[in-house]
Amino acid sequence: MATPLLSIQNVSYAYHTFQGETSVLKNLSMELYPGEFVAVVGPSGCGKSTLLSLITGLIKPEEGEIKFATKTGMETTKLGYMLQKDHLFEWRSVFDNALLGLEITGKLTEENIDYVAEAFKEYGLWDFKDQKPSELSGGMRQRVALIRTLALSPELLLLDEPFSALDYQTRLSVSADIGRIIRNSKKTVLLITHDLSEAISLSDKVLVFSQRPANIKNEIPISLSIEGNHPLAARNAPEFNHYFNLLWEELSNE
Ligand code: ADP
Ligand code: MG
């Protein structure tokens, strides 16, 4: 059995404010293995983003442990994020935005710049590389944000509802597109989403979180027979509706 890349053991967390204590995670345990693509779905406010903050080390668990196990022992620099907002800077061209992470971490080598240039060509962004973020569509900007993240060659990608600001149609094609890019790069991924279809079409496994304080209610392995590479291929798989109904039931009982 492979060693998990990320291991979360009996983690509890509460926010303490003047209004009182909000218990957000209670005794949560999960593991993420190298190359796995795991989605987390759960009611709004149950603690999904808090879990990511704990994984990144932004906040510390009150109880329990979060461990990374890699050959090298993992530092925070090996984590990559993608959030709902693309956080691109309007005063830089989109190409220079994609280089920003490399610049900040002192990794602006010729090889890394080539990687970004190749990615721009592959994802249909090359002709737009000198434009400002506002001149690109939301879907294109999310691709730039993803390239900026992947350029740092993270071992673990944390995605917090990365497509939810996009309109429905863009969302379908960009999520399929980005799913493919991430799969090709063989990254380990934790995707938080409230979109059941997105979770089913992108992941190997869906974790269903309960109401706050969040715990894992169920764990559903996904296996789809996908034909062709149409963006909607996963959603048209014969097993898709079965998983959708299953997840719907799980969440309706919350
Ligand atoms: P989700 O991402 O699942 O929607 P969050 O992890 O963002 O949920 O939040 C979980 C709960 O914790 C919510 O009830 C939210 O109001 C509360 N919360 C989040 N951040 C803070 C904070 N900084 N201080 C106090 N309460 C917070
Ligand atoms: Mg959230």
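Further up the page is the structure itself.
Quick caveat: nothing in here was measured; it's all calculated off a predicted structure.

Caption draft 1: Just the packing of aromatic side chains, in detail. Applying the stated criterion to the full structure yields 5 aromatic pairs. A centroid spacing of 5.1 Å and a plane angle of 85° characterise the contact between Tyr-13 and Tyr-15, whose relative ring orientation is edge-to-face. For the pair Phe-95 and Phe-120, a centre-to-centre distance of 5.1 Å together with 75° between the ring planes defines the contact as edge-to-face. In this pair, Phe-95 sits in helix 2 (residues 94-98) while Phe-120 sits in helix 4 (residues 110-122), placing the two residues 25 residues apart along the sequence. Of the two residues, Phe-95 and Phe-120, neither departs from the other in class, the shared state being buried.

Caption draft 2: How the structure looks around the pattern of salt bridges. Considering all chains together, one arrives at 13 salt bridges under this definition. Where Asp-177 meets Arg-180, a salt bridge forms, and the shortest distance between an N and an O atom there is 3.0 Å. You can see Asp-177 and its partner Arg-180 sitting in helix 6 (residues 168-184), 3 residues apart, about one turn around the helix. Note on Asp-177: relative accessible area 15%, which makes it buried. By relative accessible area, which is 38% here, Arg-180 ends up partly exposed. Ionic pairing is found between Glu-219 and Lys-205, a salt bridge with its closest N-O pair at 3.4 Å. Here Lys-205 lies in strand 8 (residues 205-209) and Glu-219 lies in strand 9 (residues 216-221), a separation of 14 residues in the sequence.

What counts and what doesn't
- Each chain carries its own residue numbering, running from 1 in the written order of its sequence.
- Whichever chain is written first is A, and whichever ligand is written first is 1; the rest continue in order.
- Local features in this predicted model are restricted to residues of pLDDT 70 or higher, and side-chain atom pairs are both shown and tallied only at a pLDDT of 80 or more, whereas totals for entire chains, interfaces and linings draw on every residue.
- To obtain the side-chain values, all non-hydrogen atoms of the structure were used and water was disregarded.
- For this analysis, a ring pair means two rings from Phe, Tyr or Trp (six-membered ring only for Trp) whose centres lie within 6.5 Å, classed as stacked if their planes differ by under 30 degrees, edge-to-face if by over 60, and tilted for the remaining angles.
- Comment: elements are numbered from the N terminus, with helices defined as DSSP H or I runs of at least four residues and strands as E runs of at least two.
- Burial here depends on accessible area, computed with a 1.4 Å probe over protein chains only, as a share of the maximum for the residue type. Under 20% is buried, over 50% is exposed, and the range in between is partly exposed.
- Salt bridges are defined by distance alone: a side-chain nitrogen of Lys or Arg within 4 Å of a carboxyl oxygen of Asp or Glu.

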